[in-house]
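What follows is each chain in one-letter form.
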Amino acid sequence: MPTEIIMPKVDMDMETGKIAAWHVEEGARVAEGEPIFDIETDKAAMEVEAPANGTLHHLVPEGAEVPIGAPVGWLYAEGEEVGEPPVRKTQGPERAKEPSKSEPKTETPTPAPVTSTAEVAEEKPRATPKARKLARDNGIDLATLNGSGPRGRIQAADVAVLDDRQHAAPVPPAFNNEAGPLSVIRSRGGTGTPIVLIHGFANEAAAWSPIESHLSRRPLIRIELPCHGKSPKRRLSGFPELVSDVRRAFDDLGLEAAHLVGHSLGGAVALAIADTRGNRVDGLTLIAPAGLGPDINGAVIDGIGRATRAEGLGPWLRQLVADDTIITDRYVRAAMMSRKDPDLRAAQMAMADVLFPDGTQAFDLRPAIGRLAMPARIVWGKRDAIIDWRHALGAPGHIALHLFDGLGHLPHLESPDAIGQLIAATL
Amino acid sequence: MNAQAGIEVREISYAQAIREAMDIALSEDERVILMGEDIGVYGGAFQVTGDLVDKYGTDRVMDTPISELGGAGVAVGAAMTGLRPIFEFQFSDFATLAMEQIVNQAAKVRYMLGGAVSVPLVMRFPAGSGTGAAAQHSQSLEAWLGHVPGLKVVQPATPEDAKGLLLAALDDPDPVMIFEHKLLYKMKGQVPSGRYTTPIGKAAVRREGGHVTIVATAIMVHKALDAAKALEDEGIEAEVIDLRTIRPLDGDTVLASVRKTGKLLCVYEAVKTLGIGAEVSAMVAESDAFDFLDAPIVRLGGAESPIPYNPELEKAVVPQVPDIIEAARGLAEGRT
Amino acid sequence: MPDSTATDRNVPYAIRAYSPDQLIEALRKMYLIRRFEEGAEDSYTRGLIHGTMHLSIGQEASAVGACMSLTDDDKITSTHRGHGHCVAKGADLGKMFAEFFGKETGYCRGRGGSMHIADVEKGNLGANGIVAGGIPIAVGAALSAKRLGTGAVTVCFFGDGANNEGAFHEALNMASIWKLPVVFVCENNRYGMSTSTERSTAVKSIADRAAAYSMPGERVDGNDFSAVTEAVDAAVARARNGDGPSLIENVTYRWRGHSKSDRNRYRTKEEIAEWQERDPIARMAAMLKEHGITDDAAVASIEKDVEQAVEAAIAFAKDSPAPRIEDATRDVYSPKVAA
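Computed from a predicted structure; not experimentally measured. (Residues numbered from 1 in each chain as written. Chains lettered and ligands numbered in written order. Predicted model: local features only at pLDDT ≥ 70, side-chain atom pairs only at ≥ 80, totals over all residues. Heavy atoms only, no water.)

1. Quick word on the overall build of chain B
Next, step 1: Scanning chain B for helices and strands turns up 12 helices and 16 strands.
Next, step 2: Here the C-alpha radius of gyration of chain B, 20 Å, is about what a compact globule of 336 residues would show, namely 20 Å.
Next, step 3: Buried residues in chain B amount to 63% of all 336 residues.
Next, step 4: Of the contacts formed within chain B by residues at least 6 apart in sequence, a portion of 82% connects residues at least 24 apart.
Next, step 5: Within the structure as shown, chain B displays about 11800 Å² of accessible surface, and the carbon and sulfur contribution to it stands at 52%. (Helix = DSSP H or I, 4+ residues; strand = E, 2+ residues; numbered from the N terminus. Rg over C-alpha atoms; globule rule 2.2 N^0.38 Å. Buried < 20%, exposed > 50% of the residue type's maximum accessible area, 1.4 Å probe, protein only. Contact = heavy atoms within 4.5 Å. Areas by Shrake-Rupley, 256 points an atom, 1.4 Å probe, with all protein chains shown as cover.)

Okay, here's the thing in structure tokens:
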């Protein structure tokens, strides 16, 4: 049996070695200890000596990569017959790989396209793990919550408030939740960029009628808030859900451009829509808008919400204007007629409870107004008893302010010509 | 704690409590020896061994030459072959000289030998700042050793635990490293007489509270308790956990508290980065208690600096009570 | 045990001190070490052994000679080049090979490998991967023996490289001040990896270091079994007698490289060949033949016997089960003791 010459392991992490050069030729006679070939590893080159005397046969070619322990050649003693390469007595004679047949290197993978993380981060509400768990467990959409923590982070308390109200509130006003889209009322006629009007709390599309004649050369579209007018009554989780509902109605209009006009709560909604649909809103008019400061006259909101008869409603409605003589008994009765549905009143009270808890506006649109890029104006009566007109003073310089000394919370009712012309002039 | 009947509870110092534990061990078990620099007639640099040499002689209370590496190695060899050495480093900082024996030998021998031998060795490390001893005599290196599988690392914060953990360490078949904060040596507390052990690997809730969890080690436990007391007047209830052992960590106690409060503050004197605070924070973040977090985790640790000499600077580089109050308040009030 | 009836000073110490059976057993152990390491090398070269290994071929007289007067109660600490010490202290070859192969039946249950083989039952506290790591441990073992009064002696093996480690100096000093029963056996094979003692060590003879620690120091031909035995036996007797430590320097040579990745660039083939001429096993066999203790046929029989023992050990190792993956972290700590 000839003596095998194996690829020796000469390095800790070596798995194969390369025959760099044979010092002797096939068929040559070598003596034990004589250097016969060089191997190359990742780290070193090394000379390998003949393990015995003999004649060299069956050499693997130079450049071949050989697994450690596999034979690279055989030494035949004098007189020993040289035939086929012997079968090894030990296991694992992996055949040497020819250098030319070496497998191609795996290609460097191209990096997978990554969605902009900034974009993703923008959309995700900032919330603590505990708040997330509470929201998850109670089926609450975090996007509908306002965070009270640093940088608007939603903390457990922000979820808990809602949670308490939903699950442990002192008997919430009952009404049937209704499905379906918001009520949208379009006028006939008019050309050019439409005007989209959004009324205020406890009001409805008809509220715009005093100024509509000034605006009618444009198509007029009135959206009614949820729980108002002919819109479905829905239990809202908060301002974001309200905006989301109205925005859906706005989106469904399929307008390329619109001028948005909003009053009070509708003003806040219009502002929020303008903030997120800036490319489709080319002008914005906010009349006594909510959302620009924390305080609001909770008593009036409560009073209007609670009233079941004209007698109970009138005194509160008169607070809405500077000159209360325009709130006639007839006006009050008409208003009460439109509020005769107890479900509607209950729905509005539930809504007020979410949006204006404890006489406070539970949402803040001051950052949004700073971001507005389209022409925008704020119209306010300085005798507004519901929302302090001074909230307007926080608006940035590029927002036009129109402040009227003798008007209250309903300037478009009290002075329809002035307000109508003002809006028309800017179209 | 499991103590025998008929014990009395007295007020003694942390150092006295350690000495009492060593006294009990020396008297009960012939195999126990003390080794260290100047622990004999001098009584130890911090007078912890005190007069034990008078009672047990220099063969059992052995002054070593100033040879931390060799001394530690002798203790390892002795522990492998039948003795129960308690090896005192004069300052924990000097453990850096003996790392080879602690880390490569003591910690690994049992594993490397496939469990054929164990190393019942106790090492004591006077640690921490506050003594004006500056950068090479004031470090808190417990996390270095806490990173080594095979070692157990404890940090008693009270006299009672100093005694109970030392006796528990002597009962343990594996090497136990005891870090003793130097400023605690003189602190007095209620300590039962006689033999008892404090379990290794078990944290203690030192104060219950529902608003914020403060996990602290060693002297920071006391600072955290002072902070908690101040916060109580503001209506903030802090729960203070004394970790006691940093390897193995008592996850159950910490996680249960975090699930309750949703707020975690880790306070430790060692350099903040890559320390026990990181470990505790990660443990919480990796556990189901994550879902209960209602604020980012806050760590208060030592500054990224050696310990300075000037006393005001020295205080400034490690957490103090007002720092803890502020951090805990921010967490409790949802402002962090 | 030393035989006090043989006193002829012209007869080598080993022949005087030990019975023919003990000497033949010693020769057998030397062959065992040689074949064991050759077998290990072959297995390594074939890729059957993980990691690396440090062979002591050429140093067999030092390992076997130094352990001649030790009992199983006596301890040794060993080095990364420790296979010889292990075999000399009576280890089982099968368990050693099994450890090399990373098997559960190995001395360290596959957790230690070549560099950590220990045999605690036979008093071998273990090889060590850290140069000089075992020296303070040996002193600690000697401290235990003294305190517990076991009468055991510790032989502490280390190489020339370790004599420049701080642990060496600290440990020798402590052994001396406490008069501990320990014998420091330096196997000076001339190179710490590639750096010669001439280039690394300020003293000519490492045995001279003993003077600094007020203990006897003796340098002997480490390839002369009898010289090693004579020096170490005296030091062991002194230690056992309570007279403290000694330092013995066995001058020897490793035929192989430092480890399996050594390219032998720092020494010449001539130097290696010259030391191979001083083969400690051939010299031991010649000495025993000269004194009529053995003959060629008996030596051939030992060699054959040893060959078979190594083959059987390798076969045992190959057939042994590997550790279970789920047990990878077992033995980091002691199992919980019931309270």
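2. Section: helix α11 (residues 269-277) of chain C
An α-helix turns once per 3.6 residues; consequently, residues spaced three or four apart project the same way.
Residues and elements named next belong to chain C.
Next, step 1: Every buried residue of α11 is listed here: Glu271, Ile272 and Trp275. Here the buried residues of α11 occupy an arc of 100 degrees about the axis, which is enough to place them on one side. In α11, the exposed positions angled more than 90 degrees off the buried face are occupied by Lys269, Glu270 and Glu277. (Arc of directions from axis to C-beta.)

3. Looking at the packing of helix α8 (residues 219-232) of chain B against helix α12 (residues 321-332) of chain B
Residues and elements named next belong to chain B.
Next, step 1: Contact geometry of α8 with α12 gives a least axis separation of 8 Å together with a crossing angle of 55 degrees. Classified by the angle their axes make, α8 and α12 are oblique. Here α8 runs over α12; the crossing is right-handed. Of the residues in α12, those in contact with Lys223, Ala224, Asp226, Ala227, Ala230 and Leu231 of α8 are Val321, Ile324, Ile325, Ala328 and Arg329.
Next, step 2: For the contact of α8 with α12, the residue count by class is 8 nonpolar, no polar and 3 charged. (Axes fitted to C-alpha atoms, helices over the stretch in contact; angles between N-to-C directions. Parallel < 35°, antiparallel > 145°, perpendicular 65-115°, else oblique. Left-handed = near helix turned anticlockwise from the far one by under 90°. Nonpolar A, V, L, I, M, F, W, Y, C, P; charged D, E, K, R; others polar.)

4. Concerning the interface of chain A and chain B
Next, step 1: Contact residues are listed per partner, giving 12 residues for chain A and 11 residues for chain B.
Next, step 2: Contact between chain A and chain B buries roughly 850 Å² in total, counting both sides, with carbon and sulfur atoms accounting for 50%.
Next, step 3: Applying the counting rule to chain A against chain B returns 1 salt bridge.
Next, step 4: Of the charged contacts, one joins Arg136 of chain A and Asp291 of chain B as a salt bridge, the two residues approaching to 3.5 Å between their closest N and O atoms.
Next, step 5: Where chain A meets chain B, there are 7 residue pairs in polar contact (both at pLDDT 80 or more).
Next, step 6: When residues of the side of chain A that touches chain B are traced back to their parent elements, those giving at least two are α2 (129-137) and α3 (156-168) of chain A. (Buried area = accessible area lost by both parts, 1.4 Å probe. Salt bridge = Lys/Arg side-chain N within 4 Å of Asp/Glu carboxyl O. Polar contact = N/O pair within 3.5 Å; in protein donor to acceptor, adjacent residues only side chain to side chain.)

5. Notes on helix α8 (residues 310-318) of chain A
Residue and element names in this part refer to chain A.
Next, step 1: Taken together, the buried positions of α8 are Ala310, Leu313, Gly314 and Leu317. Across the axial projection of α8, the buried residues extend over an arc of 110 degrees, all falling on one side.
Next, step 2: Those residues of α8 hidden inside the fold are in contact with α7 (298-306) and α9 (329-338).

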